[in-house]
Amino acid sequence: MSDVHELSFLKEQIQGLKDDGVYRELPILEGANESEILLNGKKVINLSSNNYLGFANHPELKEAAIKAVEKYGVGSGAVRTIVGNMDLHEELEKVLAEFKREEAVMVYQSGFNCNAGTIQAITSKGDLIISDELNHASIIDGVRLSRADRAVYKHCDMEDLERILKEKREQYNQVLIITDGVFSMDGDIAPLPQIVELAEKYNAMTYVDDAHGSGVLGESGRGTVDHFGLHGRVDFTIGTLSKAIGVIGGYVAGSKTMKEWLSHRGRPILFSTSLPPAAVASITEAVKLLMSTTEFTDRLWENGRYFKEKMKNAGFDIGKSETPITPVMVGSEDKTMEFSRKLLDKGVFVSGIVFPTVPKGTGRLRCMVTAGHSKEQLDKAVDTFVKIGKEMEVI
Ligand SMILES: *Cc1c(COP(=O)(O)O)cnc(C)c1O
């Protein structure tokens, strides 16, 4: 009898994960994602969420969601090209385009499928995609789905990017340069002005995934393009609605032509049901809130600076972060995971990031400071870090 249903080939690989010490259970969050959470039954300070502005449990966003449920129900009922395109979706895209200071926006069901759907729609055989080596997994998958050729340049290395452009530009029809705006594992910002200059010099298009820049950088969180004053010079700007915006979804901002094309060829638009009314209404509320005040982003940056300063003064290596993402470098995979476990024991949740997510030997504790943290919470987190850091001889 065949043991195919046993999935033995997977069981073996799972055992391999266990042998390598990288097997893990999913932590369980009871209640809302806040600066302090109940995780696996234990009250802890949360330094691991992407809820940068504290919007995930914001009363005004919740009220907008409830109202939308009452009027529109819980599901949109279809893909947008059939009958799932509600006036709510249209309004959201209008508000987002205004926020991003771009002509048009196309909203997707997630940041992930925005990359997966957009990259393959705008490139084809005979084109070349040039991608930063540290770009997000969803970009890598998006590029895999494309029929274009691909090349990778060294992280933020403009000489390497130019070398590829010089060598290859002539052989291709369209060339698309893709970069994260803010890199999620280090918190560094892409050298966008130089990338745009090179793109213009070699007649290439630019594509910036601003999942960690939107709601964080630029005026009231308008993103990396706004931060550098590059409006009109980046062809595709991706944002997520699930990080700073606190809900779910993704979008691409750019020209009306881009939107027209994606509404015909963006596969997640054509073949996957549109975002539900509650999500859309609460996102619109979040973006309006951001446009009305810089209070949220100001607090995020103040908290980020406060935490980073204290950690640096305590002697920790916080890498080259230029944003509220604060990686605390530890080194080996084992030591990083042990540090993370000890923090959790003492009431601070920071996930350890190790190989293969980052290069071997560069394990780190990635602290995500948000607008929702109080100074007391940040102080307590730093004190706990210092105590364990000394014990483990990290500082
Ligand atoms: C998180 C992230 C995404 C995926 O966004 P989701 O909305 O969570 O699917 C895409 N790109 C980058 C750079 C990200 O950090």
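Preceding this paragraph is the structure being described.
Please read these numbers as outputs of a predicted model, since none were measured by experiment. (Residues numbered from 1 in each chain as written. Predicted model: local features only at pLDDT ≥ 70, side-chain atom pairs only at ≥ 80, totals over all residues. Heavy atoms only, no water.)

This paragraph deals with the overall build of the protein. Across its full length, the protein carries 14 helices and 14 strands. Relative to its length of 395 residues, the protein is compact, with a C-alpha radius of gyration of 22 Å against a globular reference of 21 Å. Taken along its principal axes, the extent of the C-alpha atoms in the protein is 65 × 55 × 55 Å. Here the protein, with 395 residues, has 52% of them falling under the buried criterion. The contacts in the protein between residues at least 6 apart in sequence include a share of 70% that link residues at least 24 apart. Accessible area of the protein: about 18400 Å², with a carbon and sulfur share of 51%. Charged side chains in the protein number 47 positive and 57 negative. The centres of these two groups are separated by 1 Å. (Helix = DSSP H or I, 4+ residues; strand = E, 2+ residues; numbered from the N terminus. Rg over C-alpha atoms; globule rule 2.2 N^0.38 Å. Buried < 20%, exposed > 50% of the residue type's maximum accessible area, 1.4 Å probe, protein only. Contact = heavy atoms within 4.5 Å. Areas by Shrake-Rupley, 256 points an atom, 1.4 Å probe, with all protein chains shown as cover. Lys, Arg positive; Asp, Glu negative; His and termini not counted. Charge placed at Lys NZ, Arg CZ, Asp CG, Glu CD.)

When two helices pack together, their arrangement is given by the angle between the helix axes and the distance between those axes. Where helix H4 (residues 111–122) meets helix H9 (residues 256–265), the closest approach of the two axes is 10 Å, and the angle between their N-to-C directions is 105°. Compared by their axis directions, H4 and H9 come out roughly perpendicular. Each of Thr118, Ala121 and Ile122 in H4 lies in contact with H9, whose residues at this interface are Trp261, Leu262 and Arg265. Here the contact of H4 with H9 is composed, by residue class, of 4 nonpolar, 1 polar and 1 charged. (Axes fitted to C-alpha atoms, helices over the stretch in contact; angles between N-to-C directions. Parallel < 35°, antiparallel > 145°, perpendicular 65-115°, else oblique. Nonpolar A, V, L, I, M, F, W, Y, C, P; charged D, E, K, R; others polar.)

The next point concerns the sheet that holds strand S13 (residues 352–353). One open sheet accounts for 3 strands, arranged S11-S14-S13; its pairing is antiparallel. Sheet topology places strand S11 (325–331) and S13 at the edges, where each strand pairs with a single neighbour. Helix-sheet contacts for helix H13 (residues 333–345) involve S11, S13 and strand S14 (363–368), and the interaxial angle to S14 is about 35°. (Pairing = 2+ DSSP bridges.)

This part takes up the site of the ligand. Gly111, Asp209, Thr240, Ser242 and Lys243 are the nearest of the 14 residues found near the ligand. His136 places a polar side-chain atom, nitrogen or oxygen, 3.4 Å from a nitrogen atom of the ligand. Contact distances for the ligand include 2.7 Å between an oxygen atom and a side-chain N or O atom of Thr240. Within the complex, the protein chains bury 86% of what would otherwise be the 380 Å² of accessible surface of the ligand. For the shell around the ligand, the element with the most residues is H4, which contributes 3 residues. Of the residues contributing to the shell around the ligand, the split by class is 2 nonpolar, 9 polar and 3 charged. (Near = heavy atom within 4 Å. Polar contact = N/O pair within 3.5 Å; in protein donor to acceptor, adjacent residues only side chain to side chain.)

Another aspect to go through is the side chain of Ser340. The residue Ser340 is located in helix H13 in this model. For Ser340, a relative accessible area of 10% puts it in the buried group. Within the structure, Ser340 has its side chain in polar contact with the backbone oxygen of Val350 (distance 2.9 Å). What Ser340 contacts, discounting residues up to four positions off in sequence, is Val350, Ser351, Gly352 and Leu365.

A cis geometry characterises the amide bond from Phe355 onward to Pro356, with omega recorded as 10°. By the element assignment, Pro356 lies in the loop between S13 and S14. Positive phi outside glycine occurs at Arg101, with the angle close to 55°. As for its position among the elements, Arg101 is in the loop between helix H3 (87–100) and strand S4 (104–108). The backbone phi angle of Cys156 is positive, close to 55°, even though this residue is not glycine. Considering the arrangement of structural elements, one finds Cys156 in the loop between strand S6 (149–153) and helix H6 (158–168).

Moving on to a nonpolar patch on the surface. On the surface, Leu7, Phe9, Leu10, Ile14, Leu17, Val22 and Tyr23 cluster together into a nonpolar patch covering about 600 Å² of accessible area. Examined against the element boundaries, Val22 turns out to sit in the loop between helix H1 (8–19) and strand S1 (29–30). (Patch = residues over 30% accessible without salt bridge, like charges linked within 9 Å, V, L, I, M, F, W, Y side chains within 5 Å. Salt bridge = Lys/Arg side-chain N within 4 Å of Asp/Glu carboxyl O.)

Side-chain pairs of opposite charge can arise whenever the charged atoms involved come near each other. Tallied over the full model, the rule gives 20 salt bridges. The shortest N-O distance in the salt bridge between Asp160 and Arg163 comes to 2.8 Å. Taken together, the residues span about one helical turn, with Asp160 and Arg163 both in helix H6 at a distance of 3 residues. For Arg364, the salt bridge is made with Asp186, and the minimal N-O distance between the two is 2.6 Å. In this pair, Arg364 sits in strand S14 while Asp186 sits in the loop between strand S7 (175–180) and helix H7 (192–201), placing the two residues 178 residues apart along the sequence.

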